[in-house]
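Survey of secondary and tertiary structure
Listed below, chain by chain, are the residues.
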Amino acid sequence: MIGRVLSSGSATVSAEHVIAFARALGDPNPLYVYVDPEAARRGPCGTIVAPPTYPIAFMAQALAGGADVFLELGLDFMTLVHGEQEFEYTRPIKAGETLTLTGRIADLYEKQGSNGMLDFAVLETEAVDAAGQPVFFSRNTLISRRT
């Protein structure tokens, strides 16, 4: 199953959603001006850009079609935890753009835990813009305790 595409989807980045997300984080970053549209127009990107962790706000929805694969893998949703998340960017995510996301299984492995066997699923997501150019790459590790 390693390499298998989980699903693909798209997400449109709205300035209002980015602003709400940045405010929830308490992050009024002056360099990219997440919350001030007028200041953002004068900034380095010419528009509001998303904070670095913003993709987490839309990745689950855009890739929702992959849930059947988790059942195929035998992962127990009742014991599933989010173990790790990382993002690599080629450029900032800009308000107003639509990104296409493709998620795949990067790795599957197991480890013995203190209370039984643990299953690990490493998922990768690639996001490209309307021109097909990469915007970000994400790697997410999920851990499930076998029952």
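This write-up is about the structure you can find in this document. (Residues numbered from 1 in each chain as written. Predicted model: local features only at pLDDT ≥ 70, side-chain atom pairs only at ≥ 80, totals over all residues. Heavy atoms only, no water.)

Further remarks concern the overall build of the chain. Per the secondary structure count, the chain includes four helices and five strands. For the chain, the C-alpha atoms occupy an extent of roughly 55 × 30 × 20 Å along the three principal directions. Residue pairs in contact within the chain that sit at least 24 positions apart in sequence constitute 69% of those at least 6 positions apart. In the structure as shown, the chain presents an accessible area of about 8,000 Å², 53% of it carried by carbon and sulfur atoms. Charge-centre separation for the chain: the mean point of 11 positive side chains lies 3 Å from the mean point of 17 negative side chains. (Helix = DSSP H or I, 4+ residues; strand = E, 2+ residues; numbered from the N terminus. Contact = heavy atoms within 4.5 Å. Areas by Shrake-Rupley, 256 points an atom, 1.4 Å probe, with all protein chains shown as cover. Lys, Arg positive; Asp, Glu negative; His and termini not counted. Charge placed at Lys NZ, Arg CZ, Asp CG, Glu CD.)

What follows concerns the pattern of salt bridges. Going through the model one piece at a time under the given rule, you end up with six salt bridges. Ionic pairing is found between Arg 91 and Glu 97, a salt bridge with its closest N-O pair at 2.6 Å. The residue Arg 146 makes a salt bridge to Asp 119 at a minimum N-O spacing of 2.8 Å. Pair noted here: Arg 146 is in the segment after β5 (134-145) and Asp 119 is in strand β4 (residues 116-128), with a separation of 27 residues, a long-range link. According to the relative accessible area criterion, Asp 119 is buried, its value standing at 13%. Each of Arg 91, Glu 97 and Asp 129 takes part in salt bridges that share partners, so that together they form one network. (Salt bridge = Lys/Arg side-chain N within 4 Å of Asp/Glu carboxyl O. Buried < 20%, exposed > 50% of the residue type's maximum accessible area, 1.4 Å probe, protein only.)

To continue, consider the nonpolar core. Counting 18 residues, the largest nonpolar core has Tyr 54, Phe 58, Ile 93, Leu 99, Leu 101 and Phe 136 as its most contacted members. Only α1 (15-25), α3 (56-62), β3 (98-113) and β5 provide two or more residues apiece to this core. Those residues in contact with Tyr 54, other than ones at most four positions away along the chain, are Val 13, Ser 14, His 17, Val 18 and Phe 21. Membership of the second largest hydrophobic core comes to eight residues, among which are Val 69, Phe 70, Ile 105 and Leu 142. (Core = buried A, V, L, I, M, F, W, Y, C linked by side-chain atoms within 4.5 Å.)

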